[in-house]
Amino acid sequence: MDDTQALIDAAMVARDYSSDQALIILPVLICFVFGAVLLMARRRMDLHPPIAVTGLALLLVADLALLARIAGWGPMSMAMGGWRPPFGISFTADLLSALFLTVSGFAGLACGIYAVASIDEEGRRYGFFPFLFMVLGGVSGAFLTGDLFNLYVWFEVMLIGSFGLLILGSEREQLDGATKYGFLNLIGATLFLLSIGYCYGVFGTLNMADIALKSASLEGNGVLLTIASLFLVAFSMKAAAFPLNFWLPASYHTPRFVVSALFAGLLTKVGIYALIRVVLMLFPPERGGIGFVLAWMAALTMLVGSLGALAQSDLRRLLNYVVIAGIGTIMVGLAVPPVLESTSSAITTGAAAVLREQSGLPFNSGVSSDGPLATGLSGAIFYAVHSIVVMTALYLAAGVAAFRTGTSSLHEMGGMWRRHPLFSVLFLVLLLGVAGLPPFSGFWPKLLLVRASIAADLPWLATTVLVSGFLLTIASARIFALAFWRPLPVLTDASETHPHSEDGFRAPPPGRPLALVPLVALSLFVVAIGVWPEGLGRLSFEAAHQVLSPSAYLASVLGTPP
């Protein structure tokens, strides 16, 4: 009996919690409290918008507070129920999770404000805002959990909420897209669960910090390569990477525009986050074994996305492929090998050098401690933050454009430059940002990714990044030329003129300026980060350093330096 009590005492958390540790659970708590309040107020639809916007604003404030705490003091962890990791479940936040969490809160608030203008009382009665908080709660939990099984649980919470938003309206096209979305995600979730079971059988734990320590002692074991490969397939399906991306173009164009914006901005990035966290932090040697596969997946994902965008004549279907191209661009940063950079390949001038100097990390312009992988991963994190913002904004802007022209077909759109010049400027900024052109936020991470690919002796991968960017530039120019610059085309067949009803677009009325508020805020972010990239660049470099050298992460979870 004394031995049993001694074991229990050893498994319990001995140290006291500090007040700032409550910041870790606050984002998830806000999401579920406000979701529950909205459900209880289901008979007062008029109260849903102010309650939802208040909750989303508080969520962003909590995310910013957590980011400030992590940036100033380093990673921190909180054990649930008083059980010491790895015996209990822990929430752990480092700079990577805090960055993704904050920009997700920003995108969620933008979607919430837009939804106030675009979601009618029927949509609110069907549960739009509670489902929105469920999705954001799942996303927040996935970014903060320090346990693999709970990562799976938060994936499922996110999936339930997203499925509810996807079928909101119960139209035939929506149900068809939801079926494809649900089936493919079910396969991915099953594969993820099998990978978790295999991982537990090898390590006897699912705590990420504990696995990272134990995997180092099993380096060279073929079993770990198998586990890493299984996780790669599962998370690639979640992220819509080639060849597992066919579910995204089949489903993201069916729901309301605000739902598509939320999905494009957040859901695929959760898969990218999981890929970075598990493959790079838990299995770094095995990542080297699958690095070549990652490189080809990244290149093909970029080409499929950019070529698919050129082939589309519907604005929202085109944006679906732009999302895929962005996923491929992010994966480039995960694919470069961790070898030493040569001094000849180092960039000592321009913005890339500024980002390195501002980071304060030992990433000099010559030989670095982590090599091209550090540069590539920082570029991937930077680009992921940019992609969350710009893709959310583009889908929201597409909703406004579709309403104002009465259609989402590029063949039938036109004339908006003359009729809506301010909105046209916002859309142009977003198109230039997603194409990766200066001086907008998409340029600097692509510069880092090209630099890392060249330093890693992968010039073909750097070329693919540039080719994909060029194709996206053509696709962006095509959107602006057809939908904005040219006059509104005159269709002779009256049955073909604006064949879709207002409800079919789920877009806000043009007379409601509230819909433009999130577009202006998101566009300002794209411009500001493009003109002043040093702040986000520094955070991205530090986040990459914490993933590749996770001693601070492990110490925050396990309580002692590894």
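What you see is a predicted model; the values in this text were computed from it and never measured.

S.K.: Requested: an account of the pattern of salt bridges, with residues and values cited.
M.R.: Counting across every chain of the model gives three salt bridges. One salt bridge connects Asp-46 with Arg-44, and the closest N-O pair in it is separated by 2.9 Å. Put simply, Asp-210 and Lys-214 hold a salt bridge, and the shortest N to O gap is 3.4 Å. Separated by four residues within a single helix, Asp-210 and Lys-214 lie in helix 9 (residues 208-217), roughly one turn from each other. Judged by its relative accessible area of 10%, Asp-210 falls in the buried class. By relative accessible area, Lys-214 is classed as partly exposed at 33%.

S.K.: Let's hear about the packing of aromatic side chains: which residues, and what values?
M.R.: Inspection of the entire model under this criterion finds 26 aromatic pairs. Residues Phe-100 and Phe-143 carry aromatic rings whose centres are separated by 5.6 Å and whose planes lie at 70 degrees to one another, so their mutual orientation is edge-to-face. Taken as a pair, Phe-100 in helix 4 (residues 95-118) and Phe-143 in helix 6 (residues 128-144) lie far apart in primary sequence, 43 residues in all. An identical accessibility class is assigned to Phe-100 and Phe-143; each is buried. For the ring pair Phe-192 and Phe-235, a centre distance of 4.9 Å and an interplane angle of 65 degrees mean the geometry is edge-to-face. Of this pair, Phe-192 sits in helix 8 (residues 172-203) while Phe-235 sits in helix 10 (residues 222-239); the two residues are 43 residues apart in sequence, bridging distant segments of the chain. An identical accessibility class is assigned to Phe-192 and Phe-235; each is buried. Ring-pair connections join several aromatic residues into one group, and the members of that group are Phe-149, Tyr-152, Phe-155, Phe-192, Phe-203, Phe-231, Phe-235 and Phe-283. The lysine or arginine in question, Arg-316, covers the ring of Phe-257, its NZ or CZ lying 4.0 Å from the ring centre.

S.K.: Before we move on, could you go through the environment of Ile-479 and cite the residues and values that matter?
M.R.: When you line up the elements, Ile-479 lands in helix 20 (residues 459-485). Judged by its relative accessible area of 2%, Ile-479 falls in the buried class. The spatial distance from the C-alpha of Ile-479 to the C-alpha of Leu-318 is 9.2 Å, given a sequence separation of 161 residues. Those residues in contact with Ile-479, other than ones at most four positions away along the chain, are Leu-315, Leu-318, Leu-410, Phe-427, Leu-431 and Phe-484.

S.K.: So what's going on with empty space enclosed by the protein? Residues and values would help.
M.R.: Think of a ball as big as a water molecule: rolled over the atoms, this probe shows where empty space is left. By the definition in use, this model includes three cavities of 30 Å³ or more. Estimated volume of the largest cavity: approximately 80 Å³. Elements supplying a minimum of two residues to the lining of the largest cavity: helix 7 (148-166) and helix 8. Looking at which element gives the most residues to the lining of the largest cavity, the answer is helix 7, with three residues. Residues that form the lining of the largest cavity fall into these classes: seven nonpolar, one polar and one charged.

S.K.: Lay out the pairing of strand 2 (residues 90-93) in plain terms, naming residues and giving numbers.
M.R.: Along a regular strand, successive side chains alternate from one face of the sheet to the other. Residues Ser-90 and Thr-92 line one face of strand 2 and the alternating positions Phe-91 and Ala-93 line the opposite face, and both faces are buried. Of the pairings in the sheet, the one linking strand 1 (residues 76-79) to strand 2 comprises four bridges and is antiparallel in character. Within strand 2, the position partnered with Met-76 by the bridge is Ala-93.

S.K.: If you had to explain a nonpolar patch on the surface to someone new, which residues and values would you point to?
M.R.: On the surface, Leu-26, Leu-29, Val-33, Val-37 and Met-40 cluster together to form a nonpolar patch covering roughly 420 Å² of accessible area. With respect to the helices and strands, the residue Met-40 is situated in helix 2 (residues 22-40).

Reading the values: the criteria
- Per chain, the residues get numbers from 1 upward, laid out in the order the sequence is written.
- With pLDDT at 70 or above as the cut-off, local features in this predicted model cover only qualifying residues; side-chain atom pairs require 80 or more to be listed or tallied, and sums for whole chains, interfaces and linings still use all residues.
- With hydrogens and water excluded, all non-hydrogen atoms of the structure serve as input to the side-chain values.
- Salt bridge, as used here: a side-chain nitrogen of Lys or Arg that lies within 4 Å of a carboxyl oxygen of Asp or Glu.
- Starting at the N terminus, helices and strands are each numbered in turn, a helix being any DSSP run of H or I of at least four residues and a strand any DSSP run of E of at least two.
- Residue exposure (1.4 Å probe, protein chains only): buried if accessible area is under 20% of the type maximum, exposed if over 50%, otherwise partly exposed.
- Only centres within 6.5 Å qualify two rings of Phe, Tyr or Trp (six-membered ring in Trp) as a pair; their planes then separate them into stacked at under 30 degrees, edge-to-face at over 60, and tilted for everything else.
- A ring is considered to have a charge above it if a Lys NZ or an Arg CZ atom is located within 6 Å of its centre and within 35 degrees of its normal.
- Contact definition: two residues touch when any of their heavy atoms are within 4.5 Å.
- The pocket and cavity definitions rest on a 1 Å grid over protein atoms only: a 1.4 Å probe that fits but cannot leave marks a cavity, an open set with protein on both sides within 12 Å along at least five of seven lines marks a pocket, and residues lining either have an atom within 4 Å of a point.
- Grid points are joined across faces, edges and corners, and a volume is the space filled by probe spheres set on the points.
- Only Asp, Glu, Lys and Arg are considered charged, only Ala, Val, Leu, Ile, Met, Phe, Trp, Tyr, Cys and Pro nonpolar, and every remaining residue, Gly among them, polar.
- Two strands are said to pair when DSSP picks up at least two bridges between them.
- Patch membership requires over 30% relative accessible area and the absence of a salt bridge. Like charges are linked within 9 Å, and nonpolar side chains (Val, Leu, Ile, Met, Phe, Trp, Tyr) within 5 Å.
- Per-residue and other accessible areas follow the Shrake-Rupley method at a 1.4 Å probe size, with only the shown protein chains counted as cover for residues.

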